[in-house]
Amino acid sequence: MRIAIDARMMGAENTRGIGRYIEELLHAMILVRPEHQYVVIARRHDHAFASHPSVKTIVADIPWYGCAEQFKMPAILRSARADVIHIPHWNVPLTIRGPLIVTIHDLLLRHEPMSAKISTRNPVTRAVKRLGYRMTLAHAINAARRILVPTHCVAEDVTQFYPGSAKKIVVTGEGMEKGVKSRPACGTGSRQMLEKSKVHSQSIDRLPSTPFFLYVGSAYPHKGLFDLLAAWEKIAVAHPDFSLFIVGEMDVFMRRVKQEAESKKCSRVAFVGRVSENELEDLYSRATAFVFPSHAEGFGLPPLEAISAGCPVVCADIPVLREVLGNDGVLFFRAGDPDDILRAVTELLHTLPDLRNQIQELAARLRKRWSWKRAAEQTLAAYREISF
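Residues numbered from 1 in each chain as written. Predicted model: local features only at pLDDT ≥ 70, side-chain atom pairs only at ≥ 80, totals over all residues. Heavy atoms only, no water.

1. A word on the pattern of salt bridges
Argument step 1. Under the counting rule described, the total for this entry stands at 21 salt bridges.
Argument step 2. A salt bridge links Asp6 to Arg8; its shortest N-O distance comes to 2.9 Å.
Argument step 3. Exposure remark for Asp6: the relative accessible area of 6% places this residue in the buried category. (Salt bridge = Lys/Arg side-chain N within 4 Å of Asp/Glu carboxyl O. Buried < 20%, exposed > 50% of the residue type's maximum accessible area, 1.4 Å probe, protein only.)

And the structure:
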């Protein structure tokens, strides 16, 4: 089988979850079925799989979400002469038809249209972007022969908005393990010093040596970082020996969070910026706990990564995180409630020895449930269903 995959979001410079999904899924599929021909459409020749004998590369240095994607990608995808075309996001060109599979990671923009980079635009541009998103998403749902989703929560969401799609949906899950070790997870941070009661971006080797709580991810509004800062004002007073480290790209959204921390004069908050894979694993292993205040997710890889590294997790009580993490071994708090974040953190500190004893058992249990190999097998089965 000849499989074309739009992998333009894959690469060290693309730190969002979709890039991680493409890389890990492709890695697992090649291991499971190396006899297939994988036509990888990437922005550069030198991607992680360029030298593999099962991989052919087509370079398409075309940004996503723009007019160039709509006009140029159809011809590029057709040139792959593939039995299956997999576009791992909703950004399917409107003229694409044929043996198409899409991955819908979430429908966040249907619920919270201001919770992405669209919210940085002026009102007219925002309205046009929202309209374009809805048209393109509807086309992707209707044109796809199979729709891959990471969780049952997302499957239910897609079915609610698009009832006719139910028979096409395949829940593939994602993986807890990391198959591509050379992948930089979040890049590198800047090198500024942390001063008391001030907030800076800095590299990991300049961070204070105090015990710390950790957040890893983007700063989009739905991630709940303003809730975390509101909670931290009280946590910092109640637990003066602790710091808060926030890891993630210093984009416009993270700068807003940083400005909020500065305006509140939050003590002992470090905005770390991007870190390498090894640095990230080191932070997970040393953190007292990983705090994940997100209001909405399609899957939620960071808490799984934290648990895998032996780090206890405190996270928002939303259905998808209950589905992914289960009900045991993780402390939940009400999403959007800073006081309940404080309650959960305080409870964690009181039960920390027990949680640390349980974490390896929890990690083993979750690894059995969430596997990139299983996700690859589910994906390959969907390919076979539409290619013959």
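Next, the rest of the story.
2. Brief notes about the pairing of strand E11 (residues 289-292)
Argument step 1. Of the two faces of E11, both are covered, the one formed by Ala289 and Val291 as well as the one formed by Phe290 and Phe292.
Argument step 2. As defined by bridge partners, strand E8 (residues 212-216) adjoins E11 across two bridges and the pair is classed as parallel. Its bridge partner being in E11, Phe213 is matched across the sheet by Ala289.
Argument step 3. With three bridges joining them, E11 and strand E12 (residues 313-316) adopt parallel strand pairing. Within E12, the residue paired with Phe290 across the bridge is Val313. (Helix = DSSP H or I, 4+ residues; strand = E, 2+ residues; numbered from the N terminus. Pairing = 2+ DSSP bridges.)

3. Description of unusual backbone geometry
Argument step 1. Backbone geometry at Tyr65 places phi at a positive 75°, although glycine is not the residue there.
Argument step 2. Along the chain, the position of Tyr65 falls in the loop between strand E3 (55-59) and helix H2 (67-79).
Argument step 3. What makes Tyr65 partly exposed here is its relative accessible area of 42%.
Argument step 4. Even without a glycine there, the phi angle at Arg81 is positive, about 50°.
Argument step 5. Examined against the element boundaries, Arg81 turns out to sit in the loop between H2 and strand E4 (84-87).

4. Re the packing of aromatic side chains
Argument step 1. In the structure shown here, the tally under the stated rule is eleven aromatic pairs.
Argument step 2. With a centroid separation of 6.2 Å and an interplanar angle of 75°, the aromatic rings of Phe213 and Trp232 are classed as edge-to-face. Residue Phe213 is located in strand E8, and its partner Trp232 is located in helix H6 (residues 225-238); the two are separated by 19 residues in the primary sequence. With respect to burial, Phe213 and Trp232 carry one shared label: buried.
Argument step 3. The rings of Tyr215, Tyr284, Phe290 and Phe292 are connected pair by pair, giving a single aromatic cluster.
Argument step 4. The ring centre of Phe332 lies 3.9 Å from the NZ or CZ of Arg322, which sits over that ring. (Phe/Tyr/Trp six-rings, centres within 6.5 Å; stacked < 30°, edge-to-face > 60°. Lys NZ or Arg CZ within 6 Å of the ring centre and 35° of its normal.)

5. Section: the environment of Tyr215
Argument step 1. On the secondary structure map, Tyr215 appears in strand E8.
Argument step 2. Assessed through its relative accessible area of 0%, Tyr215 is described here as buried.
Argument step 3. C-alpha separation for the pair Tyr215 and Leu225, spaced ten residues apart in sequence, amounts to 8.9 Å.
Argument step 4. If sequence neighbours within four positions are ignored, Tyr215 has contacts with Lys223, Leu225, Leu228, Phe245, Ile246, Val247, Phe290, Val291, Phe292 and Pro293. (Contact = heavy atoms within 4.5 Å.)

6. A few points about the nonpolar core
Argument step 1. Ranked by internal contacts, the top residues of the largest apolar core, which has 101 residues, are Phe213, Leu214 and Ile307.
Argument step 2. Among the elements that line this core, the one with the most residues is helix H11 (residues 338-369), at twelve residues.
Argument step 3. Setting aside residues up to four positions removed in sequence, Phe213 forms contacts with Trp232, Ile235, Phe242, Ser243, Leu244, Phe245, Thr288, Ala289, Val291, Val345, Leu348 and Leu349.
Argument step 4. Ranked by size, the runner-up nonpolar core spans 33 residues in total, among them Ile41, Ala60, Ile76 and Ile87. (Core = buried A, V, L, I, M, F, W, Y, C linked by side-chain atoms within 4.5 Å.)

7. So, the sheet that holds strand E1 (residues 2-6)
Argument step 1. Read across the open sheet, the seven strands follow the order E3-E2-E1-E4-E5-E6-E7; overall the sheet is parallel. Edge positions in the open sheet fall to E3 and strand E7 (169-171), since each of these has one partner strand only. Averaged over all adjacent pairs, the angle separating strand axes in this sheet is 20°, with direction ignored.
Argument step 2. For E1 and E4, the ladder comprises three bridges, and the chain directions are parallel. (Axes fitted to C-alpha atoms, helices over the stretch in contact; angles between N-to-C directions.)

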